[in-house]
Amino acid sequence: MLDYSHNAWLVAASLAVALMAGFTGLYLTHGASKLDDQKRKIIVALAAVVLGGGIWSMHFVAMLGLQLPILFYYDALITLISALVAILMVGLALLLLHFRPRSVQTIIGAGVIVGLGIVVMHYIGMAGMELCRPVYNAWDVLLSTLASVVLSVVAIWVAYDNRTQRNILLGTACFGLAVFTMHFVATGLTDFTASDSAGGAGPALNNQVLAMGVTVAVFLICGAFLLTGVSFLEPAAVAAPAPLNPEPATLRAGIPFEREGQTFFAAPTEIAAIRAEGHYTVLYIGAEKLFCPWSITEAETRLTPDGFLRAHRSYLVNPKHVSGFERHKDNGTCYFDGVDALTKVPVSRSRLSDIRDALGL
């Protein structure tokens with residue numbers, strides 16, 4: 001067996017690459033579930049390339065730091081396959097997260113796929129070594145897989161349980177540590193021996209040629225990291241200062257409703273929910289259902305400043321009247337304990353995030 005060591009600077013660089021790729025990929029998909037299917041597919045594909053490419057780049061930056069007493073090189077075809085496998089498996093995980101209901105099972109399944117993708121990429125990449133053969137057993141692979149899967153599930157869980165900037169940063173740290181830890185756990189459990197076999201499926205890549213390819217990949221990841229980082233750090237829009245002599249606000253009578261041939265007006269704060277009824281709407285106040293001449297679209301436009309939110313294509317809700325919330329697989333339900341005329345309102349999948357944010361969930 002051959003003695004080996006690592007270049008400390010390249011070890012640190014490999015961790016930096018994993019963190020940059022993790023942040024870029026996770027932040028690219030922020031808000032993707034609100035986009036139409038075509039745009040979402042493009043975002044998922046880009047994020048898969050960045051995350052999968054980051055896994056591959058981290059591996060080979062670390063391998064460039066591997067110092068052995070003999071010369072060795074890599075089979076180009078196997079090295080390319082390792083990169084494609086990482087991208088495809090991460091892409092599969094992202095498809096689950098952004099095209100399926102984001103349940104606990106989905107998040108755990110996606111984390112397992114990412115963890116297995118890291119492991120498969122690592123051992124395919126190691127299989128590409130020539131004139132030097134890695135030696136490991138099934139228990140070594142099992143332990144490496146366990147470390148990778150557990151850390152990857154944690155990373156996906158943290159990043160996707162709540163899509164805030166804080167969660168994305170924590171998910172980035174977990175993802176980077178998952179890739180980094182798996183590589184060095186697996187490498188630490190691996191021995192290396194000289195091999196007379198020099199035949200491979202593709203042309204040979206020595207460390208100098210591989211370094212150029214990895215440098216290009218890392219350069220692209222750094223560029224993407226800077227572009228996404230600018231958006232991440234962009235300060236929130238500052239409201240324009242109020243004029244010294246503001247004009248008095250236009251008073252509004254309230255929301256019109258009709259009863260016995262007369263038009264009355266209800267204060268927005270009294271209304272728990274509004275339901276579409278053809279070209280008109282129904283207002284729910286306590287035990288009353290009141291006919292309103294506004295359409296659901298007009299009601300949404302006029303009442304957004306009062307805090308009303310579209311929970312479903314047929315419903316607007318006033319979050320101040322919501323007494324309970326229940327999340328289902330891909331949608332939810334708002335409950336109203338003090339509104340006898342309407343005890344609950346469905347929340348569609350596309351509106352789920354906005355409702356949860358308004359309720360502080």
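This text gives an overview of the structure that appears in the document. (Residues numbered from 1 in each chain as written. Predicted model: local features only at pLDDT ≥ 70, side-chain atom pairs only at ≥ 80, totals over all residues. Heavy atoms only, no water.)

Below, the discussion takes up the packing of aromatic side chains. Under the definition given, this model contains 10 aromatic pairs. Relative to Tyr 27, the ring of Phe 23 lies with its centre 5.7 Å away and its plane at 10 degrees, an arrangement referred to as stacked. Here Tyr 27 and Phe 23 lie together in helix 1 (residues 8–28), a separation of four residues that amounts to about one turn. Residue Phe 23 is classed as buried on the basis of its relative accessible area, which comes to 6%. Summarising the aromatic geometry, the rings of Tyr 280 and Phe 291 are spaced 5.2 Å apart at their centres and angled 50 degrees between planes, so their arrangement reads as tilted. (Phe/Tyr/Trp six-rings, centres within 6.5 Å; stacked < 30°, edge-to-face > 60°. Helix = DSSP H or I, 4+ residues; strand = E, 2+ residues; numbered from the N terminus. Buried < 20%, exposed > 50% of the residue type's maximum accessible area, 1.4 Å probe, protein only.)

Turning to the pairing of strand 8 (residues 255–259), a few remarks are in order. Note that strand 8 and strand 9 (residues 262–266) share five bridges and pair antiparallel. By the bridge assignment, Arg 259 is partnered in strand 9 with Gln 262. If you look at the hairpin formed by strand 8 and strand 9, you'll find two residues sitting between the two strands, and Glu 260 has a positive phi there, around 55 degrees. (Pairing = 2+ DSSP bridges.)

Let us now look at the pattern of salt bridges. By the definition in use, this model includes five salt bridges. The shortest N-O distance in the salt bridge between Arg 302 and Glu 298 comes to 2.9 Å. Of the two residues, Arg 302 and Glu 298 both sit in helix 8 (residues 296–303), four residues apart, roughly one turn of that helix. The partly exposed category is assigned to Glu 298, whose relative accessible area is 29%. (Salt bridge = Lys/Arg side-chain N within 4 Å of Asp/Glu carboxyl O.)

Here we take up the pairing of strand 5 (residues 132–135). Alternating positions in strand 5 separate cleanly, Cys 132 and Pro 134 being buried on one face and Arg 133 and Val 135 remaining unburied on the opposite face. Pairing between strand 5 and strand 6 (residues 191–194): four bridges, direction antiparallel. Residue pairing in the sheet places Val 135 in a bridge with Asp 191 of strand 6.

Interaxial distance between helix 3 (residues 76–99) and helix 4 (residues 104–127) falls to 8 Å at its minimum, and their mutual angle equals 180 degrees. The orientation of helix 3 with respect to helix 4, classified from their angle, is roughly antiparallel. Together, Ile 78, Ile 81, Ser 82, Val 85, Ala 86, Met 89, Leu 92, Ala 93, Leu 96 and Leu 97 of helix 3 and Thr 106, Ile 107, Ala 110, Ile 113, Val 114, Leu 116, Gly 117, Val 120, Met 121, Ile 124, Gly 125 and Ala 127 of helix 4 make up the contact between the two elements. A class-by-class count of the residues in the contact of helix 3 with helix 4 yields 18 nonpolar, four polar and no charged. (Axes fitted to C-alpha atoms, helices over the stretch in contact; angles between N-to-C directions. Parallel < 35°, antiparallel > 145°, perpendicular 65-115°, else oblique. Contact = heavy atoms within 4.5 Å. Nonpolar A, V, L, I, M, F, W, Y, C, P; charged D, E, K, R; others polar.)

Within the secondary structure, Asp 196 is located in the loop between strand 6 and strand 7 (204–205). Residue classification places Asp 196 among the exposed residues on the basis of a relative accessible area of 82%. The spacing of Asp 196 and Arg 133 is 63 residues in sequence and 9.4 Å in space, taken between C-alpha atoms.

We now examine the packing of helix 4 against helix 5 (residues 138–161). Across the interface, helix 4 lies against helix 5 with an axial gap of 7 Å and an inter-helix angle of 140 degrees. The orientation of helix 4 relative to helix 5 falls into the category oblique. When you trace helix 4 past helix 5, the crossing you get is right-handed. Residue-level inspection shows Val 104, Ile 107, Ile 108, Ala 110, Gly 111, Val 112, Val 114, Gly 115, Leu 116, Ile 118, Val 119 and Tyr 123 of helix 4 in contact with helix 5, the latter providing Asp 140, Val 141, Ser 144, Thr 145, Ser 148, Val 149, Ser 152, Val 153, Ile 156, Trp 157 and Tyr 160. The residue makeup of the contact of helix 4 with helix 5, split by class, is 16 nonpolar, six polar and one charged. (Left-handed = near helix turned anticlockwise from the far one by under 90°.)

What follows is about the sheet that holds strand 7. As summarised here, the arrangement of the three strands in space is 4-3-7, forming an open sheet in which the pairing is antiparallel. In the strand order of this sheet, the two ends are held by strand 4 (129–130) and strand 7, each with one partner. Note: strand 3 (residues 73–75) against strand 4, two bridges, orientation antiparallel. The residue of strand 4 that forms the bridge with Tyr 74 is Met 129. In the packing of helix 3 onto the sheet, contacts are made with strand 3 and strand 7, and the angle to strand 3 comes to roughly 70 degrees.

On to the side chain of Thr 29. Among the secondary structure elements, Thr 29 is positioned in the loop between helix 1 and helix 2 (37–64). A distance of 3.0 Å separates a polar atom in the side chain of Thr 29 from the backbone oxygen of Leu 26. (Polar contact = N/O pair within 3.5 Å; in protein donor to acceptor, adjacent residues only side chain to side chain.)

Our next topic: the nonpolar core. Grouped together as the largest cluster of nonpolar side chains are 61 residues, with contacts concentrated most on Leu 68, Tyr 74, Leu 94, Met 129 and Tyr 160. Contributions of two or more residues to this core are made by helix 1, helix 2, helix 3, helix 4, helix 5, helix 6 (165–188) and helix 7 (207–233). The leading source of residues in this core is helix 2, at 11 residues. Sequence-distant contacts of Leu 68, that is, excluding residues within four places in its chain, are made with Leu 2, Asp 3, Tyr 4, Met 129, Cys 132 and Phe 192. (Core = buried A, V, L, I, M, F, W, Y, C linked by side-chain atoms within 4.5 Å.)

With that settled, consider a nonpolar patch on the surface. Together, Leu 77, Leu 80, Ile 81 and Leu 84 give the surface a local cluster of nonpolar side chains, amounting to about 340 Å² of exposed area. Note on Leu 84: relative accessible area 45%, which makes it partly exposed. (Patch = residues over 30% accessible without salt bridge, like charges linked within 9 Å, V, L, I, M, F, W, Y side chains within 5 Å. Areas by Shrake-Rupley, 256 points an atom, 1.4 Å probe, with all protein chains shown as cover.)

A word on helix 3. Over its 24 residues, helix 3 extends 34 Å from the first C-alpha to the last, a length consistent with the 34 Å expected when each residue adds 1.5 Å. Inspection of helix 3 places Ala 76, Thr 79, Ser 82, Ala 83, Val 85, Ala 86, Val 90, Gly 91, Ala 93, Leu 94, Leu 97 and His 98 among the buried residues, and these make up the whole buried set. (Expected span 1.5 Å × (residues − 1).)

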